[in-house]
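What follows is each chain in one-letter form.
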Amino acid sequence: MSNLAHNLPSSFCVMPFLGLHVGTKGEISPCCEFDGEWGNVSNTVFNSARQSIQAVADRDAFIRGDGRSVRPCWKCFEQENAGGTSLRQKFNHDFAKFLPEHSESGGVLNELSSRSGPAYLDIRFSNLCNFKCRSCWHGSSSSWFKDAKDLGTNLGERAEIRSISSTAHLLEQIEPQLDSLRHVYFAGGEPLMIAENYRLLEILITRKRTDIELAYNTNGSVLELAKSSMLELWGHFPKVTVELSVDATRPEAASLIRSGFSFDIFTRNAMAIRMQCPHVKLRFGITVSALNLQELPRTLNDLRMSCGAGPGDFSIHALQSPNYMRPSVLPKKIKKRALAKLKDFVENIDPEWGNEDQRDELIKQIAGISGATDKKARRSHYFRLAETQKRLDTLRKENTLRVLPDVFPKNRFPQPDLFSVRLRGLYRRFRTLSSGE
């Protein structure tokens, strides 16, 4: 899927050269998939982070064709190994055209990239969100705070986590970057609940930078904040993509997996976007975990029927973190049934649905899910999945066993056999002693 100019290596990624991401804890990195940081807004300005020793080293690795050695980038390469399409590939396809002109020297590219402003901006001002999805956590959702505190996984003593102490200070840092920007991505938390995201659009309008492409990942529950209408603001920008997050459409499963979700509100807001902002490109993002793997065929069909989704309107990827919620942790029999459902869906795709290229892309994404599901996983992860869902059921007064019987058959949460656990522990100890460690 790469569309790279400049004869760059196949493992190359444009984001260390073009991207600027700020997470909800203030961490600065090239993109949201980067499992690390180049600095933090609490003590580093954007330009210093992009010129840091680590940032330069990461860019050098990609120039050398050694991108797979950059450890924080493991998520994308793992997705590609499973047969899916990674963000690295998507970014390369969409943004390689914005790479600075350079000679044959990779060093020149690195130097120009560190000195020039970013073309891509993704700032998470806070974790403010009205959902508490089971695959999420307090770091990305303020609504998770109470449950996280009960589970001992909360980050601090406040529900809302802000990436910055001063909005004005961060916006001051963003202002000088506006001249180089070509694309701004908004996620959360829930981006349409965060006031700074509305303010940033107003700044772009005032600065006459409505040529910038906007992209959103939103849960689709709100379209306005106070007296500000996002639909009205989007009317100023010719290029807007909105990806609505949805993990299931079957009502009981949807509201359990994504606590706070209403498919009626979701479809109503999706249609409002289509009617009031016909220029907006509407997409549907599905994160596939152990909980919703078997819901995927129905979800795709429901989005087609209720929201007018075409086969080219989906972004489907397998959940990677937390690892005990990956689809691969399911027992073999359950995975076999799920994979059979996906195969049946692919074999019976309506040939009149969209065009052939769109159907092929959807089939490729489903193949990526199948590949990620078919991987081996530690048996202990399935037990941890069960224990976590059991504890959340107690906290939220919900019933996973009733709502998702295909995930946990026999109407009970599985528990590890203590004898087997002890036996594996003794085996690992024996291996350690045998190796002389």
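Please read all numbers here as calculations on a predicted model, not as lab measurements.

S.K.: So what's going on with the pairing of strand E10 (residues 240-245)? Residues and values would help.
M.R.: Along E10, five of the six residues are buried, which leaves the element largely enclosed by surrounding structure. Pairing of strand E7 (residues 213-218) with E10 involves five bridges; the strand directions are parallel. The partner of Ala215 across the bridge, within E10, is Thr241. When E10 meets strand E12 (residues 281-288), the two strands line up parallel, connected through five bridges. Note that in E12 the partner of Thr241 across the bridge is Lys281.

S.K.: Which residues make up the pairing of strand E4 (residues 120-123), and what values do they have?
M.R.: Going residue by residue along E4, you find Tyr120 and Asp122 tucked away on one face and Leu121 and Ile123 tucked away on the opposite face as well. Note: strand E1 (residues 19-22) against E4, four bridges, orientation parallel. Across the sheet, the residue bridging to Leu20 is Leu121, located in E4. Where E4 meets strand E6 (residues 183-186), three bridges bridge the pair, whose relative direction is parallel. When the sheet's bridge partners are listed, Asp122 is paired in E6 with Tyr185.

S.K.: So what's going on with the layout of surface pockets? Residues and values would help.
M.R.: Empty space within the second largest pocket amounts to approximately 670 Å³. Leu330, Pro331, Lys332, Arg379 and Tyr382 are the residues nearest the centre of the second largest pocket, which is lined by 24 residues in total. It is helix H14 (residues 332-347) that provides the largest number of residues to the lining of the second largest pocket, a total of seven residues. For the lining of the second largest pocket, the class distribution of residues is 10 nonpolar, two polar and 12 charged.

S.K.: Explain the packing of helix H12 (residues 263-276) against helix H13 (residues 296-307) to me, and be specific about the residues and the numbers.
M.R.: The N-to-C vectors of H12 and H13 enclose an angle of 50 degrees; their axes lie 10 Å apart at closest approach. It follows from the interaxial angle that H12 and H13 lie oblique. Every pair of crossing elements has a handedness; the one defined by H12 and H13 is right-handed. Across the interface between the two elements, Phe263, Phe266, Thr267, Ala270, Met271 and Arg274 of H12 pack against Asp302, Leu303, Ser306 and Cys307 of H13. Residue composition of the contact of H12 with H13, by class: six nonpolar, two polar and two charged.

S.K.: I'd like a rundown of the packing of aromatic side chains, residues and numbers included.
M.R.: Evaluation of the coordinates by the stated rule reveals 19 aromatic pairs. Where Phe95 meets Phe98, the ring centres are 6.2 Å apart and the plane angle is 25 degrees; that geometry is what we call stacked. You can call Phe98 partly exposed: its relative accessible area is 24%. Relative to Phe314, the ring of Phe284 lies with its centre 6.2 Å away and its plane at 45 degrees, an arrangement referred to as tilted.

S.K.: Which residues make up unusual backbone geometry, and what are the values?
M.R.: Omega for the bond connecting Gly188 with Gly189 falls within 30 degrees of zero, at 5 degrees, which places this linkage in the cis form. Omega for the peptide link from Ser321 to Pro322 comes to 5 degrees, which places this bond in the cis form. For Pro322, the position within the fold is in the loop between strand E13 (314-318) and H14. Even without being glycine, Lys208 reaches a positive phi, approximately 55 degrees. With respect to the helices and strands, Lys208 occurs in the loop between helix H9 (195-206) and E7. With phi around 55 degrees, Asn411 is a residue other than glycine that occupies positive phi space. Assignment of secondary structure puts Asn411 in the loop between helix H17 (400-403) and helix H18 (418-434). In this structure Asn411 comes out as exposed when scored by relative accessible area, which is 59%.

S.K.: Any chance you could break down the sheet that holds strand E2 (residues 27-29) for me, citing the residues and the numbers?
M.R.: Strands belonging to one sheet form pairs held by backbone hydrogen bonds; the direction of such a pair is parallel or antiparallel. Taken in spatial order, the nine strands make up an open sheet running E3-E2-E1-E4-E6-E7-E10-E12-E13, and their pairing is mixed. Each end of this open sheet is capped by a strand with a single partner; those strands are strand E3 (39-40) and E13. Seen against the sheet, H12 touches E10 and E12 and runs at an angle of roughly 150 degrees to E12.

S.K.: Please set out empty space enclosed by the protein residue by residue, giving values where relevant.
M.R.: Tallying each qualifying case throughout the model produces one cavity of 30 Å³ or more. Considering only enclosed or pocket space, the largest cavity measures out at about 120 Å³ in volume. Lining the largest cavity are 14 residues, with Cys13, Cys31, Cys73, Cys76 and Arg88 sitting closest to its centre. Listing elements by their share of the lining of the largest cavity, those giving two or more residues are helix H1 (15-18), helix H4 (74-81) and helix H5 (87-95). Of the residues in the lining of the largest cavity, the class split is 12 nonpolar, no polar and two charged.

S.K.: Any details on H9? Residues and values, ideally.
M.R.: Taking 1.5 Å of rise per residue, the 12 residues of H9 would be expected to cover 16 Å, and the 17 Å separating its terminal C-alpha atoms lies within 8% of that figure. Of the residues making up H9, those classed as buried are Glu196, Asn197, Tyr198, Leu200, Leu201, Ile203 and Leu204. Lys208, located one to two residues past H9, shows a positive phi value of around 55 degrees.

S.K.: Can you break down the pattern of salt bridges residue by residue, with the values?
M.R.: For side chains bearing opposite charge, pairing can occur when the charged atoms are close. Across all of its chains, the model carries 23 salt bridges by this definition. Between Arg326 and Glu78 there is a salt bridge, with its nearest N and O atoms 3.2 Å apart. Here Arg326, found in the loop between E13 and H14, pairs with Glu78, found in helix H4; they are 248 residues apart in sequence, far enough to count as distant. Its relative accessible area of 18% is what places Arg326 among the buried residues. When the shortest N-O distance is used, the salt bridge between Arg207 and Asp179 registers 3.3 Å. Here Asp179 lies in the loop between helix H8 (167-174) and E6 and Arg207 lies in the loop between H9 and E7, a separation of 28 residues in the sequence. A residue is classified by how much of its surface remains accessible, and Arg207, at 32% relative accessible area, is partly exposed. Residues joined by salt bridges that share partners form a network here, namely Lys132, Asp147 and Arg396.

Thresholds applied
Residues numbered from 1 in each chain as written. Predicted model: local features only at pLDDT ≥ 70, side-chain atom pairs only at ≥ 80, totals over all residues. Heavy atoms only, no water. Buried < 20%, exposed > 50% of the residue type's maximum accessible area, 1.4 Å probe, protein only. Helix = DSSP H or I, 4+ residues; strand = E, 2+ residues; numbered from the N terminus. Pairing = 2+ DSSP bridges. 1 Å grid on protein atoms, 1.4 Å probe; cavity = no way out; pocket = protein on both sides within 12 Å on 5 of 7 lines; lining within 4 Å. Points joined across faces, edges and corners; volume = space filled by probe spheres on them. Nonpolar A, V, L, I, M, F, W, Y, C, P; charged D, E, K, R; others polar. Axes fitted to C-alpha atoms, helices over the stretch in contact; angles between N-to-C directions. Parallel < 35°, antiparallel > 145°, perpendicular 65-115°, else oblique. Left-handed = near helix turned anticlockwise from the far one by under 90°. Contact = heavy atoms within 4.5 Å. Phe/Tyr/Trp six-rings, centres within 6.5 Å; stacked < 30°, edge-to-face > 60°. Expected span 1.5 Å × (residues − 1). Salt bridge = Lys/Arg side-chain N within 4 Å of Asp/Glu carboxyl O.

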